[in-house]
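Inside the fold
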Amino acid sequence: MKIEIKNIQCVFYKNKSFFVEKTNVCITDDKISFVGKTPEGFIADKVIDGEGKLLIPGLINAHTHAYMTVFRNSADDLMFNDWLFGKIMPMEDKLEKNDSYWGAMLGISEMIKSGTTCYLDMYIASDENAQAAYDSGIRAVLSRGLAGFGNDEGGERRLNESIDEITRWREKGNGRLEFMLAPHAPYTCGQEYLKTIAKTAKELGVGIHTHISEGRKEIHDIKEKYGCSPVEYMENTGLFELNTVAAHCVHLSENDIEILSKNNVSVATNPVSNLKLANGFAPVPKLLGANVNVCIGTDGAASNNSLNLFKDLGFLALIHKGVNEDALAVSANDALKIATLNGAKALGLEGVTGEIKVGMKADLSIINLNAVNLSPSNNLIAALSYSTNGSEVETVIVDGKVLLENRELLSIDEEKVRYEVGKTAKRIGTWKGTVQ
């Protein structure tokens with residue numbers, strides 16, 4: 001399949017800055033094959049008129065739980081421990097076969113429709129989430145959540161399920177599906193279990209996806225039990241010897257930041273989720289100053305209520321300005337890099353996706369600049385953080401295939417997905433309306 005995107009404003013990255021230039025972009029099969037004047041011999045199967053539109057690298061959601069759309073708007077206005085242990089885990093226990101599949105499909109639908117082309121997922125049901133990512137056409141790095149202490153049966157079963165899933169799925173989807181191992185958090189994983197996970201990840205050649213330092217109770221409990229911070233605890237198990245994405249990292253000491261930097265751990269900040277659960281927010285300016293690779297995630301729809309990364313992008317760029325009383329604390333340029341190039345690096349996809357460049361995967365989103373909130377088109381890089389809300393995304397391409405066109409999903413039956421998730425929500429008791 002050959003696609004030509006003509007006469008479009010295009011976001012490029014050079015010398016540590018994004019800039020916009022009007023040009024043509026050609027796609028051959030799954031990759032960007034040309035940028036600039038279209039070669040005479042290039043005959044496109046599909047031509048997209050880019051007049052009045054903006055082409056951006058697809059956004060990368062570096063931490064989410066896509067299946068949790070089932071729980072959207074059902075566990076609100078609760079402190080973190082009440083939210084997790086009092087509401088979410090009991091609802092998860094009610095999920096049945098295929099519930100996670102449909103929940104993930106709904107989450108993927110929302111991500112695609114708001115310009116996300118790749119995401120890092122953590123979930124509890126093997127195969128169903130991989131199947132959803134495969135069926136939808138999106139790019140994904142997948143990880144079955146792991147919890148256990150020592151040689152307990154549950155921890156061993158979860159790890160074996162993860163290994164089996166990786167073995168079955170990692171060669172499928174033309175490389176669209178990658179995997180990590182996902183020890184859930186310091187408070188749900190014992191030291192020996194974490195060491196086993198680190199050893200297994202090395203053998204499989206995969207990275208680590210985990211939650212660290214999300215709430216103050218976690219900090220207190222780990223300190224009381226092990227005499228160290230959650231970051232120090234995880235480092236001591238050998239996890240940081242692997243490519244690691246640490247979600248949240250809200251409460252960090254100077255030593256924690258130094259450890260993360262030294263070990264090249266990527267921090268996935270989740271500003272909306274952290275604010276909603278009253279956990280605070282990661283010290284992003286300090287992390288960037290210490291050369292930590294900061295990326296961004298929405299977290300799940302059970303805590304964020306939305307998987308629209310543009311929403312988080314706006315919060316990311318604004319929160320740190322206000323708190324630090326510094327309008328340059330996180331710039332629009334910083335925010336876009338965090339949501340694209342930094343995300344790709346965190347997920348082990350640097351040089352694969354996250355940038356509009358010849359040879360890169362054709363993972364792209366097209367935004368309608370005629371939207372009233374984007375008019376006039378003054379500084380388009382600033383507009384992506386401060387003005388865009390996701391509804392302006394018209395077209396999404398992943399791996400060279402059009403997944404969204406004129407706001408219509410082409411690879412997902414949105415009506416069926418909403419119906420199936422509605423049935424699940426009704427069965428587990430979260431639904432307050434009528435399944436239609």
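See the structure shown above.
These numbers come from a predicted model, not from an experiment. (Residues numbered from 1 in each chain as written. Predicted model: local features only at pLDDT ≥ 70, side-chain atom pairs only at ≥ 80, totals over all residues. Heavy atoms only, no water.)

**Quick look at the overall build of the protein**
Along its length, the protein carries 15 helices and 17 strands. Over its C-alpha atoms the protein spans a radius of gyration of 21 Å, differing by no more than 12% from the 22 Å that the globule rule assigns to 436 residues. Scored against the burial criterion, the 436 residues of the protein give a buried share of 60%. Only carbon and sulfur atoms are counted for the fraction: they give 48% of the accessible area of the protein, which is about 17,300 Å². Where the 46 positive side-chain charges of the protein centre and where its 57 negative ones centre are 1 Å apart. (Helix = DSSP H or I, 4+ residues; strand = E, 2+ residues; numbered from the N terminus. Rg over C-alpha atoms; globule rule 2.2 N^0.38 Å. Buried < 20%, exposed > 50% of the residue type's maximum accessible area, 1.4 Å probe, protein only. Areas by Shrake-Rupley, 256 points an atom, 1.4 Å probe, with all protein chains shown as cover. Lys, Arg positive; Asp, Glu negative; His and termini not counted. Charge placed at Lys NZ, Arg CZ, Asp CG, Glu CD.)

**Some words on the state of the cysteines**
Under the criterion given, the structure shown has 0 disulfides. Here cysteine 118 stays free of any disulfide, with the sulfur of cysteine 295 as its closest cysteine sulfur at 11 Å. Relative accessible area serves as the criterion here: at 0%, cysteine 118 is assigned to the buried category. Note on cysteine 228: no disulfide assigned, nearest cysteine sulfur contributed by cysteine 189 at a separation of 14 Å. For cysteine 228, a relative accessible area of 9% corresponds to the buried category. (Disulfide = S-S within 2.5 Å.)

**Looking at the nonpolar core**
Core analysis: the largest hydrophobic core is formed by 106 residues, its most contacted members being Phe71, Leu181 and Leu260. With 8 residues, helix H2 (residues 99-113) is the single largest residue contributor to this core. With residues near it in sequence (within four places) discarded, leucine 260 still touches Val231, Phe240, Cys249, Leu252, Val265, Val267, Leu287 and Val292. Membership of the second largest hydrophobic core comes to 16 residues, among which are Ile5, Phe12, Ile48 and Leu55. (Core = buried A, V, L, I, M, F, W, Y, C linked by side-chain atoms within 4.5 Å. Contact = heavy atoms within 4.5 Å.)

**Let's talk about the pairing of strand E3 (residues 31-35)**
Looking down a regular strand, the side chains alternate between one sheet face and the other. Note that strand E2 (residues 17-28) and E3 share 4 bridges and pair antiparallel. Directly across from threonine 28, in E3, lies its bridge partner lysine 31. Counting the residues that bridge the hairpin from E2 to E3 gives 2 residues, and of these aspartate 29 lies at a positive phi of roughly 55°. (Pairing = 2+ DSSP bridges.)

**Examining the side chain of threonine 269**
If you trace the backbone, threonine 269 turns up in strand E12 (residues 266-269). Every residue in contact with threonine 269, bar those within four places of it in the chain, is listed here: Ala282, Val284, Val294, Cys295, Ile296, Gly297 and Leu316.

**Quick notes on the environment of phenylalanine 80**
Within the element layout of this structure, phenylalanine 80 appears in helix H1 (residues 80-92). In this structure, the C-alpha to C-alpha distance between phenylalanine 80 and glutamate 153, residues 73 residues apart in sequence, is 27 Å. Every residue in contact with phenylalanine 80, bar those within four places of it in the chain, is listed here: Tyr187, Glu214, Leu277 and Asn279.

**What about the sheet that holds strand E11 (residues 244-248)?**
Taken together, the 8 strands give an open sheet; going across it, the order is E6-E7-E8-E9-E10-E11-E12-E13, and neighbouring strands pair in parallel fashion. With one partner strand each, in any of the chains shown, strand E6 (59-64) and strand E13 (294-296) form the two edges of the open sheet. Sheet twist, expressed as the average angle between the axes of neighbouring strands with direction ignored, equals 25°. Examined bridge by bridge, E11 and E12 share 3 bridges and lie parallel to one another. Across the sheet, the residue bridging to valine 245 is serine 266, located in E12. (Axes fitted to C-alpha atoms, helices over the stretch in contact; angles between N-to-C directions.)

**Digging into the pattern of salt bridges**
Applying the stated rule across the entire model yields 23 salt bridges. Taking the shortest distance from any N to any O, the salt bridge between aspartate 99 and arginine 427 comes out at 2.2 Å. Here arginine 427 lies in helix H15 (residues 414-428) and aspartate 99 lies in helix H2, a separation of 328 residues in the sequence. We classify arginine 427 as partly exposed; its relative accessible area is 39%. Notably, a salt bridge pairs aspartate 127 with arginine 168, separated by 2.8 Å at the nearest N-O pair. Linking aspartate 127 in the loop between strand E7 (116-123) and helix H3 (128-136) with arginine 168 in helix H4 (residues 153-169), this pair joins segments that are 41 residues apart in sequence. We classify aspartate 127 as partly exposed; its relative accessible area is 25%. (Salt bridge = Lys/Arg side-chain N within 4 Å of Asp/Glu carboxyl O.)

**Here we look at the pairing of E7**
By the criterion of burial, E7 is predominantly enclosed, with 8 of the 8 residues buried. Relative to E7, E6 runs parallel, the two being bridged by 4 bridges. If you follow asparagine 61 over to E7, its bridge partner there is tyrosine 119. Direction of pairing for E7 relative to strand E8 (residues 139-146): parallel, over a ladder of 6 bridges. The residue bridging tyrosine 123 from the neighbouring strand is arginine 144, located in E8.

**Some words on H15**
Over its 15 residues, H15 extends 21 Å from the first C-alpha to the last, a length consistent with the 21 Å expected when each residue adds 1.5 Å. Where H15 is concerned, the buried positions are Val417, Glu420, Val421, Gly422, Thr424, Ala425 and Ile428. Buried residues along H15 sit against H2. (Expected span 1.5 Å × (residues − 1).)

**What to know about the environment of glutamate 394**
Within the element layout of this structure, glutamate 394 appears in strand E15 (residues 393-398). With 279 residues separating them along the chain, glutamate 394 and glycine 115 place their C-alpha atoms 8.6 Å apart. Beyond its immediate chain neighbours, meaning those up to four positions away, glutamate 394 contacts Lys53, Ile366, Asn368, Leu404, Glu405, Asn406 and Arg407.

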